[in-house]
Every structure is written in structure tokens, then in C-alpha cells.
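Fold and geometry: a report
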Amino acid sequence: MISLLRLPLASEQDVFSARQRAREAARQLGFDGHDEIRVATAVSELGRAAVGQGGVATLTIALVPGRPPQLVIDVEGDNIDLDEGGAYGSAVSASRRLMDSFTVLAGPPTAVRLTKFVSHAPSGFTPGELARVQDMLAGLAESSPFDELRAQNQELVATLDQLRAQQEQLLQLNQELAETNNGVVAMYTQLST
């Protein structure tokens, strides 16, 4: 496992920073836009569960080389609320659904490992490419909560636009299928008489 970034989580600002860095790590490793959003949201939600009740945690972003490579995100802390029926239950549940795997590691302290396969990765990552990603993540300027909220809203709008386009395409395909079925029924009726 190759560590790309280690970041303390002690405040809401740290959670915003973790989300921003996780999204950028996913982008740099070749994830598509939807997976970038999934990774960023899972980190944000788990970070919220880690610091939401005054907890302090550490986020580690790493890459496991292989075919396919895996983006691994570990969140380790003393007070991570993993109770899916508790105050942060929806955050934990969302993190679980958004990633390829969600594992609670032996503790204490509590540690959670999120994994996402890098399906669109190049044939491999050279040491130089990984060093560039590490440097870029370490040097990424802090964004304000407003900047991060704006980025989230832009992601949401883009996703909604894509869903609308897919829905329109599905309606068009259903209409074409209905017309084809009507033609087949008419042909069958004509051949039957």
C-alpha cells in the first residue's frame, strides 16, 4: 500500500478538506466523475461521523497497486459513531453504499477502511506519477466551506442533468419499442388472416 496523504480530522473544516482531497485523489487516479463524487461523499460522511461528537480522527488516503488498483481510505479515531441507528447512522450507511467495500478494522481506536476499485486506471502508476499525486494533495489549497458547498452543488446539478438526459433517452427508447411492438402486432394480425 502506497500512502498518498495523511490528514488529521478534528473540525468541520478538516472534514471539508478531507472531502476536497479525496475527490482530487480520485480524479488524479483516473476515476470517472460519478466515482469522484462517490469517494468524496463517502469520506465527507464518515468524517462527519468521526468528528461530529467532538471526536478526533486521522484520514489516510492510499493506493494499493494491482489489477485493478484500489483506492483505500482509512479513518481512525477514538470516537467514531458507527451505530447505524445512532445520530450519524445515515452517514455511516451512505459511506457503506458508496464504496466497493466498507470494513471496520479491529480497535481500539476504531478504524474504518473504505475501498474503491480504480476501474478506469491506466496500466499502472509509475513512482513519478504517484509522487506527483502526493505532492499535489499535500499542496492543495484549503477551500472554505462555501467553496466546497459550491462544488457539491455543481456536482449535484451535473448529476441531475445527466439523469434528466438519461430519462429522456429512456422515454424515447420506450416510444420506439412501443411503435415496433405495434408494427409486429399488426404484421401478426395480417399474417393470421
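Below is a short write-up of the structure. Numbers given to residues run from 1 along each chain, matching the order in which its sequence is written. Reporting of local features is limited, given that this is a predicted model, to residues whose pLDDT is at least 70; pairs of side-chain atoms are given and counted only at 80 or more, and all residues count toward the totals for whole chains, interfaces and linings. By convention in this description, side-chain values take in all heavy atoms of the structure and omit both hydrogens and water.

Moving on, we get to the sheet that holds strand 2 (residues 57-64). Strands sit in the order 1-2-3-5-4 across an open sheet of 5 strands; the sheet is antiparallel. Since the sheet does not close on itself, it has two edges, and those belong to strand 1 (2-9) and strand 4 (101-105), each with one partner. Each adjacent strand pair in this sheet contributes to an overall mean axis angle of 15 degrees, direction not counted. In short, DSSP must find at least two bridges between two strands for them to pair. By definition, any uninterrupted DSSP run of H or I lasting at least four residues is a helix, any uninterrupted run of E lasting at least two residues is a strand, and each is numbered from the N terminus. Here 7 bridges tie strand 1 to strand 2, and the two strands are oriented antiparallel to one another. Across the sheet, the residue bridging to L5 is I61, located in strand 2. Here a residue-residue contact requires only that any non-hydrogen atoms of the pair lie within 4.5 Å. Structural elements are reduced to axes, namely lines fitted to C-alpha atoms, with helices fitted over the stretch in contact, and the angle between N-to-C directions of any two is expressed from 0 to 180 degrees. Running at roughly 165 degrees to strand 1, helix 1 (residues 12-28) makes contact with strand 1 and strand 2 of the sheet. Each of strand 1 and strand 2 touches helix 4 (residues 127-139); the most contacted strand, strand 1, lies at about 10 degrees to it.

Here a salt bridge means any side-chain nitrogen of Lys or Arg lying within 4 Å of a carboxyl oxygen belonging to Asp or Glu. The final tally for this structure, using the stated rule, is 7 salt bridges. For D35, the salt bridge identified is with K116, shortest N-O distance 3.6 Å. Of this pair, D35 sits in helix 2 (residues 33-51) while K116 sits in strand 5 (residues 110-117), placing them 81 residues apart in sequence. Assigned by exposure class, D35 and K116 land together as buried. Where D74 meets R113, a salt bridge forms, and the shortest distance between an N and an O atom there is 2.7 Å. Remark: R113 occurs in strand 5 and D74 occurs in strand 3 (residues 70-77); sequence separation between them is 39 residues. Linked by salt bridges that have partners in common, D35, R38, D100 and K116 make up one network. When accessible area is computed with a 1.4 Å probe and restricted to protein chains, residues below 20% of their type maximum are described as buried, those above 50% as exposed, and intermediate ones as partly exposed.

Moving on to the nonpolar core. It is characteristic of soluble globular proteins that their nonpolar side chains tend to be buried jointly. In these notes, a set of buried Ala, Val, Leu, Ile, Met, Phe, Trp, Tyr and Cys residues joined through side-chain atoms within 4.5 Å is what counts as a nonpolar core. Of all hydrophobic cores here, the largest spans 37 residues; its most connected members are L4, L59, I61, I73, V75 and L114. Those elements that place two or more of their residues in this core are strand 1, helix 1, helix 2, strand 2, strand 3, helix 3 (89-98), strand 5 and helix 4. Among the elements that take part in this core, helix 2 stands out by supplying 7 residues, more than any other. If sequence neighbours within four positions are ignored, L59 has contacts with L5, R6, L7, L9, A18, V43, I73, D74 and V75.

Okay, helix 2 next. Expected span of a helix: the number of residues minus one, times 1.5 Å. The end-to-end C-alpha distance of helix 2 is 27 Å, a good match for the 27 Å that 19 residues give at a rise of 1.5 Å each. Identification of polar contacts relies on pairs of N or O atoms within 3.5 Å, with a donor-acceptor requirement for protein atoms, meaning one able to donate a hydrogen and the other able to accept it, and with residues adjacent in sequence counted only if both atoms are side-chain atoms. Measuring from the side-chain oxygen of the N-cap residue of helix 2 to the backbone nitrogen of H34 gives 3.2 Å; that N-cap residue is D32.

Residue position: R23 is located in helix 1. Residue R23 is classed as buried on the basis of its relative accessible area of 9%. If near-sequence neighbours (up to four positions away) are discounted, R23 is found in contact with E36, A40, E148, A151 and E155.

Before going further, it helps to examine the packing of helix 2 against helix 3. Following both chains from N to C, one finds helix 2 and helix 3 inclined at 150 degrees, their axes separated by 8 Å at the closest point. The orientation of helix 2 relative to helix 3 falls into the category roughly antiparallel. Both helix 2 and helix 3 take part in a crossing whose hand is left-handed. Residues R38, T41, A42, E45, L46, R48 and A49 of helix 2 form the contact with helix 3, whose participating residues are S90, A91, V92, A94, S95 and L98. Polarity classes work like this: nonpolar for Ala, Val, Leu, Ile, Met, Phe, Trp, Tyr, Cys and Pro, charged for Asp, Glu, Lys and Arg, and polar for all others, with Gly in that last group. Residue composition of the contact of helix 2 with helix 3, by class: 7 nonpolar, 3 polar and 3 charged. Oblique is the label for every angle not falling under 35 degrees (roughly parallel), over 145 degrees (roughly antiparallel), or within 65 to 115 degrees (roughly perpendicular). If you view the pair so one helix is near and one far, a crossing is left-handed when the near helix is turned anticlockwise from the far one by less than a right angle, and right-handed when it is turned clockwise.

Next up on the list: a nonpolar patch on the surface. Together, L156, L160 and L163 give the surface a local cluster of nonpolar side chains, amounting to about 280 Å² of exposed area. Relative to the helices and strands, L163 resides in helix 5 (residues 145-192). Each patch is assembled from residues with relative accessible area greater than 30% and no salt bridge, linking like charges that lie within 9 Å and nonpolar side chains (Val, Leu, Ile, Met, Phe, Trp, Tyr) that lie within 5 Å. Where accessible areas are quoted, they stem from the Shrake-Rupley method and a 1.4 Å probe; at the residue level, only the protein chains shown are allowed to cover.

Fair warning: the whole summary comes from geometry, so function is off the table for now.
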